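Summary of structural features
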Amino acid sequence: MLLIDASNIKMGGGLELLKLLIYKIEELQIDYKVILNPKVHALANNRENVIYENVGIFNRRKIYKKILKRYSFENILCFGNFPPPMKIKGVTTYTYLHGPGLIERSVINRTLWSRFYIFITSLYLDLLKYNTDFFILQTDLVRRIFLSRYNVPNNKCLLYPIYDSENLKQSLKKHVNKIKAKEPNFVYVSLYYPHKNHLNLLKAWDFLREENELTPPKLILTVQKDHPFSEEIENYKKTGVNVENLGLISQEACFKLFAENKYSIFPSLKETFGLGLVEAQLMGSKVLAANLPYATELIEPSLTFDPNSIDDIVKKVKEACLDIEIDETKLKIENKLGDFVKLFE
């Protein structure tokens with residue numbers, strides 16, 4: 001049996017990947033249990049396989065002991081960055097890493113609190129790294145950074161880029177016949193975190209509004225409506241900036257956005273795996289991406305820009321709007337979801 005510890009996964013891309021993983025595990029008829037936060041209801045139909053626990057640093061060992069006493073497992077997958085709280089004999093353990101702050105040391109755009117949080121959680125990861133047999137990472141870039149930061153043997157790091165290629169293909173087929181022409185809008189599908197760099201996008205769109213050289217295209221965002229930054233978006237909108245915030249949306253709504261709109265733009269300063277880049281390309285978007293390795297390792301963007309330069313963002317948006325020799329975006333990475341799930345057979 002497989003135990004999946006997803007107790008600190010609550011929303012966003014991590015939750016979507018968890019649902020995808022569960023789907024593939026059930027498809028292969030692998031017995032499993034998954035630890036979830038009680039506030040997460042995404043797997044309500046799989047309730048017999050779910051163990052709801054409020055897990056924290058200080059009670060995690062106790063919860064593990066309780067679960068291991070009740071069930072027998074051959075494999076454990078820690079899906080939320082941190083290895084098990086103790087070494088577990090007779091069990092093969094894997095730790096899936098997707099927290100960019102735990103891998104990169106950069107403090108760009110971080111508050112004092114977030115720097116302290118990253119320091120503590122990085123220390124926690126470093127202390128637990130001997131409790132896992134393997135770390136799962138999605139790109140070679142992230143693997144190299146992780147190896148240098150945590151001094152983990154190379155043979156303990158496995159590369160498995162995973163995304164929902166089949167669902168994307170089905171979604172594209174569903175939407176492509178309904179869409180006469182893509183709208184010339186720019187989509188940025190991302191929850192708000194400082195490193196996601198939403199503010200520079202808003203400043204760029206504000207600059208486009210003031211220039212009056214062209215009618216500013218619409219910028220479509222998906223920032224949580226209950227996050228304080230959503231008020232910042234509304235403030236820009238009141239000044240005349242052509243921006244719309246849809247709030248948190250479903251995965252299918254996300255795919256539909258990519259299918260309906262001509263451009264996707266990704267100004268994020270760091271990612272462990274830019275899932276949105278892959279999804280946008282597969283749904284036929286022309287992708288404008290930050291000229292950073294995390295992006296160019298996954299795709300060949302239609303255009304790249306300096307994410308720290310408002311002027312360069314504005315320049316590349318103008319080029320896209322004029323559609324001067326803008327190439328289609330190309331995918332460079334292969335989906336390894338099937339191989340990843342077979343680790344647990």
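Look up: the structure comes first, before these words.
Quick summary incoming for the structure in this document. (Residues numbered from 1 in each chain as written. Predicted model: local features only at pLDDT ≥ 70, side-chain atom pairs only at ≥ 80, totals over all residues. Heavy atoms only, no water.)

The backbone phi angle of Asn81 is positive, close to 85 degrees, even though this residue is not glycine. Not every positive phi belongs to a glycine, and Asn197 is a case in point at roughly 70 degrees. Here Asn197 shows up in the loop between strand 8 (183-188) and helix 7 (198-211). (Helix = DSSP H or I, 4+ residues; strand = E, 2+ residues; numbered from the N terminus.)

Moving on, we get to the pairing of strand 8. Summarising the sheet, strand 8 and strand 11 (residues 261-266) pair through three bridges and their orientation is parallel. The partner of Glu183 across the bridge, within strand 11, is Asn261. Pairing of strand 8 with strand 9 (residues 219-221), which is carried by three bridges, proceeds in the parallel orientation. Bridge pairing in strand 9 links Tyr188 to Leu221. (Pairing = 2+ DSSP bridges.)

The tally for this structure, following the rule as stated, stands at 17 salt bridges. Between Glu211 and Lys318 there is a salt bridge; the shortest N-O distance is 2.5 Å. Of this pair, Glu211 sits in helix 7 while Lys318 sits in helix 12 (residues 310-322), and the two are 107 residues apart along the sequence. You can call Glu211 partly exposed: its relative accessible area is 27%. A salt bridge links Glu328 to Lys286; its shortest N-O distance comes to 4.0 Å. (Salt bridge = Lys/Arg side-chain N within 4 Å of Asp/Glu carboxyl O. Buried < 20%, exposed > 50% of the residue type's maximum accessible area, 1.4 Å probe, protein only.)

A separate point is the pairing of strand 12 (residues 286-290). Looking along a regular strand, one sees side chains alternate from face to face of the sheet. Where burial is concerned, most of strand 12 is hidden: five out of the five residues are buried. Alignment of strand 11 against strand 12, held across four bridges, turns out to be parallel. Residue pairing for strand 12: Tyr263 is matched across the bridge by Lys286. With respect to chirality, the unit in which strand 11 leads through helix 10 (residues 275-282) into the neighbouring parallel strand 12 is right-handed. The pairing of strand 12 with strand 14 (residues 303-305) spans three bridges and is parallel. Note that in strand 14 the partner of Leu288 across the bridge is Leu303. (Right-handed = clockwise from strand over helix to strand, strands pointing away.)

With that settled, consider the sheet that holds strand 2 (residues 32-36). The sheet built from seven strands is open, its strands ordered 3-2-1-4-5-6-7 with parallel pairing. The outermost strands of the open sheet, each flanked by one partner alone, are strand 3 (50-52) and strand 7 (157-159). Put simply, the sheet's adjacent strands are angled 20 degrees from each other on average, direction ignored. Across three bridges, strand 6 (residues 134-137) lies against strand 7 in parallel orientation. Considered in strand 7, the bridge of Ile136 is made with Leu158. Helix-sheet contacts for helix 2 (residues 60-70) involve strand 1 (2-5), strand 2, strand 3 and strand 4 (75-78), and the interaxial angle to strand 4 is about 150 degrees. Set on the sheet, helix 5 (residues 140-150) makes contact with strand 6 and strand 7; between it and strand 7 the angle comes to about 170 degrees. (Axes fitted to C-alpha atoms, helices over the stretch in contact; angles between N-to-C directions. Contact = heavy atoms within 4.5 Å.)

We now examine helix 4 (residues 112-128). The end-to-end C-alpha distance of helix 4 is 25 Å, a good match for the 24 Å that 17 residues give at a rise of 1.5 Å each. Taken as a whole, helix 4 has its buried residues at Ser114, Ile118, Thr121, Ser122, Tyr124, Leu125 and Leu128. Seen along its axis, helix 4 keeps its buried residues to an arc of 160 degrees; they face one direction. Structural note: helix 4 exposes Leu112, Phe119 and Leu127 on the side pointing more than 90 degrees away from its buried face. (Expected span 1.5 Å × (residues − 1). Arc of directions from axis to C-beta.)

Attention now goes to helix 7. Residues that lie three or four places apart on an α-helix share one face, since the helix turns once every 3.6 residues. Over its 14 residues, helix 7 extends 20 Å from the first C-alpha to the last, a length consistent with the 20 Å expected when each residue adds 1.5 Å. All of the buried residues in helix 7 are His198, Asn200, Leu201, Leu202, Ala204, Trp205, Asp206 and Leu208. Where helix 7 is buried, its residues touch strand 8, strand 9, helix 8 (229-238), strand 10 (243-245), strand 11 and helix 12.

Together, Ile57, Phe58, Trp113, Phe116, Tyr117, Phe119, Ile120, Leu123 and Leu127 give the surface a local cluster of nonpolar side chains, amounting to about 1,100 Å² of exposed area. For Phe119, the position within the fold is in helix 4. (Patch = residues over 30% accessible without salt bridge, like charges linked within 9 Å, V, L, I, M, F, W, Y side chains within 5 Å. Areas by Shrake-Rupley, 256 points an atom, 1.4 Å probe, with all protein chains shown as cover.)

The quantities given are spatial measurements derived from coordinates; they are silent on function.
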